[in-house]
Amino acid sequence: MSELCSICPRECKAERKNGRQGFCRMSEKPTVARVSVHMWEEPCISGNRGSGTIFFSGCVMKCVFCQNYKISAENFGREISAGQLADCYKKLEQQGVHNINLVNPTHFVPAIIESLDIYRPSLPIIYNCGGYEKKETLKKLEGYIDVYLPDFKYAFEELADKYSGTKKYPSVAVTAAGEMLRQQPENIFDKDGIIQKGVIIRHLILPSNTRNSIAVIDMLKENFGTDITVSLMAQYVPCGKASVFSEIDRKITRREYNKVLDYLENSGLNGYTQELSSATKDYIPDFNLQGIE
């Protein structure tokens, strides 16, 4: 990493080598809050043996409703070296997981590349991010990442700024998704239906914001056609500082869910959907430094 950080679209020019600086409030060494087997991703990711997840602390976004608020905004976690991160891959691989799932990795891309140069597991590497990515940074990951799993949170800039503190999110997310699809243009699955290469674009339905969800579906179809894979998520529960905004301080309703689901089905886009029963804090991991030595 250069001394002045420009990894994410914010390009805040922080001197992260000298400590936890910049918007993400992280040093250049990866800070990790949990390393564990995770069973609650899409079926093609978790399978029956689980996804080997590594939860990184800090974030290039500041979503007020983040279910991982303790680590994304409050920065809980332990700083480790690239070599220790490579050891995490080995330990997860030994547990028989289907893949290595890098959760919220954006601000640690140089360290991730270094770690994968130290040890490359014989498993798909998943880049699980918020969609607010810099194209030039993603290009550096070509050949390292097998599956991209970005969010596409917003079609409207004002919502992105209001709830996540990001500017120009829709255009940034479209450009990022386009680069991911360039690198991995086809979803490839093994004989058990576990994804080996490809892109799955996630969208979380927010309460009181079905108009945004419908606009996201339109934006994805307009930019990428109907061959992309979309994962429509209904798991929203108020977390973090969601109570600051009364309109999102609740779960989504059955009516809201059905409205977006029907629109997705009529759009011609294919992928995965969640049941409303997924909207519970029971599926949020306990961030307790599990798996980190």
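Residues numbered from 1 in each chain as written. Predicted model: local features only at pLDDT ≥ 70, side-chain atom pairs only at ≥ 80, totals over all residues. Heavy atoms only, no water.

## Here we look at the overall build of the protein chain
From N to C terminus, the protein chain includes 9 helices and 10 strands. Since a compact globule built from 293 residues should have a radius of gyration of about 19 Å, the 18 Å found for the protein chain is in line with a globular shape. Of all intrachain contacts in the protein chain linking residues separated by at least 6 positions in sequence, the fraction that spans at least 24 positions is 70%. Positive and negative charge centroids in the protein chain, built from 36 and 36 side chains respectively, lie 4 Å apart. (Helix = DSSP H or I, 4+ residues; strand = E, 2+ residues; numbered from the N terminus. Rg over C-alpha atoms; globule rule 2.2 N^0.38 Å. Contact = heavy atoms within 4.5 Å. Lys, Arg positive; Asp, Glu negative; His and termini not counted. Charge placed at Lys NZ, Arg CZ, Asp CG, Glu CD.)

## Things to note about a nonpolar patch on the surface
On the surface, a cluster of nonpolar side chains totalling about 370 Å² of accessible area is made up of Val37, Met39, Trp40 and Tyr283. Residue placement: Met39 occurs in the loop between strand 1 (31-38) and helix 1 (43-46). Overall, Met39 belongs to the partly exposed group, its relative accessible area being 35%. (Patch = residues over 30% accessible without salt bridge, like charges linked within 9 Å, V, L, I, M, F, W, Y side chains within 5 Å. Areas by Shrake-Rupley, 256 points an atom, 1.4 Å probe, with all protein chains shown as cover. Salt bridge = Lys/Arg side-chain N within 4 Å of Asp/Glu carboxyl O. Buried < 20%, exposed > 50% of the residue type's maximum accessible area, 1.4 Å probe, protein only.)

## Focus: the pattern of salt bridges
Tallied over the full model, the rule gives 13 salt bridges. With a shortest N-O distance of 2.7 Å, Arg182 and Glu142 are connected by a salt bridge. Highlighted residues: Arg182 in helix 7 (residues 169-183) and Glu142 in the loop between helix 5 (135-140) and strand 6 (147-150), separated in sequence by 40 residues. One salt bridge connects Lys197 with Asp146, and the closest N-O pair in it is separated by 3.0 Å. Remark: Asp146 occurs in the loop between helix 5 and strand 6 and Lys197 occurs in strand 8 (residues 195-204); sequence separation between them is 51 residues. Residue Lys197 is classed as partly exposed on the basis of its relative accessible area of 33%. The structure contains a network of salt bridges with shared partners spanning Glu41, Glu42 and Arg202.

## Considering the nonpolar core
With 82 residues, the main nonpolar core has Ile54, Phe65, Tyr89, Ile100 and Tyr163 as its most contacted residues. When residues in this core are grouped by element, the largest group, 8 residues, is from helix 7. Ignoring any residue separated from it by four or fewer positions in sequence, one finds Ile100 in contact with Gly52, Ile54, Tyr89, Leu92, Pro121, Leu123, Pro124, Ile125 and Ile126. In this structure, Cys44, Ile126, Val147 and Ile195 belong to the second largest nonpolar core, which totals 7 residues. (Core = buried A, V, L, I, M, F, W, Y, C linked by side-chain atoms within 4.5 Å.)

## Details of the pairing of strand 4 (residues 100-103)
Alternating positions in strand 4 separate into two faces, Ile100 and Leu102 on one and Asn101 and Val103 on the other, with burial throughout. Both strand 4 and strand 5 (residues 125-129) contribute to a ladder of 4 bridges, which runs parallel. For Leu102, the partnering residue across the bridge sits in strand 5 and is Tyr127. Viewed along the sheet, the connection from strand 4 through helix 4 (residues 109-118) into strand 5 turns out right-handed. (Pairing = 2+ DSSP bridges. Right-handed = clockwise from strand over helix to strand, strands pointing away.)

## Points about the packing of helix 8 (residues 210-224) against helix 9 (residues 254-267)
Packing of helix 8 against helix 9 leaves a shortest axis separation of 10 Å and a crossing angle of 15 degrees. The angle between the axes of helix 8 and helix 9 places the two elements in the roughly parallel class. In the packing of helix 8 onto helix 9, the handedness of the crossing is right-handed. Where helix 8 abuts helix 9, its residues Thr210, Ser213, Ile214, Ile217, Asp218 and Lys221 lie against Glu256, Lys259, Val260, Tyr263, Leu264 and Ser267. Looking at the contact of helix 8 with helix 9 residue by residue, the class counts come to 5 nonpolar, 3 polar and 4 charged. (Axes fitted to C-alpha atoms, helices over the stretch in contact; angles between N-to-C directions. Parallel < 35°, antiparallel > 145°, perpendicular 65-115°, else oblique. Left-handed = near helix turned anticlockwise from the far one by under 90°. Nonpolar A, V, L, I, M, F, W, Y, C, P; charged D, E, K, R; others polar.)

## As for helix 7
Spanning 15 residues, helix 7 covers 21 Å between terminal C-alpha atoms, matching the ideal 21 Å at 1.5 Å per step. Within helix 7, 11 of the 15 residues are buried, which leaves the element mostly enclosed by the surrounding structure. Along its buried surface, helix 7 packs onto strand 5, helix 5, strand 6, helix 6 (157-164), strand 8 and helix 8. (Expected span 1.5 Å × (residues − 1).)

## Digging into the side chain of Asp146
Overall, Asp146 belongs to the buried group, its relative accessible area being 9%. At 3.0 Å, the side chain of Asp146 and the side chain of Lys197 are in polar contact. (Polar contact = N/O pair within 3.5 Å; in protein donor to acceptor, adjacent residues only side chain to side chain.)

## Remarks on the packing of aromatic side chains
Using the criterion set out here, one finds 9 aromatic pairs in the structure. Geometrically, the ring pair formed by Tyr154 and Tyr169 is edge-to-face, given 5.5 Å between the ring centres and 80 degrees between the ring planes. In this pair, Tyr154 sits in the loop between strand 6 and helix 6 while Tyr169 sits in helix 7, placing the two residues 15 residues apart along the sequence. Plain terms: the ring middles of Tyr163 and Phe245 are 5.3 Å apart, the flat faces sit at 85 degrees to each other, and that makes the pair edge-to-face. One end of the pair, Tyr163, is in helix 6; the other, Phe245, is in the loop between strand 9 (229-233) and helix 9, and 82 residues separate them in sequence. According to the relative accessible area criterion, Phe245 is buried, its value standing at 18%. An aromatic cluster is present here, built from Tyr132, Phe152, Tyr154 and Tyr169 joined pairwise through their rings. One Lys or Arg, Arg10, reaches over the ring of Phe23 and ends 3.6 Å from the middle of that ring. Across the ring face of Phe76, the terminal group of Lys70 is positioned such that the distance to the ring centre comes to 4.5 Å. (Phe/Tyr/Trp six-rings, centres within 6.5 Å; stacked < 30°, edge-to-face > 60°. Lys NZ or Arg CZ within 6 Å of the ring centre and 35° of its normal.)

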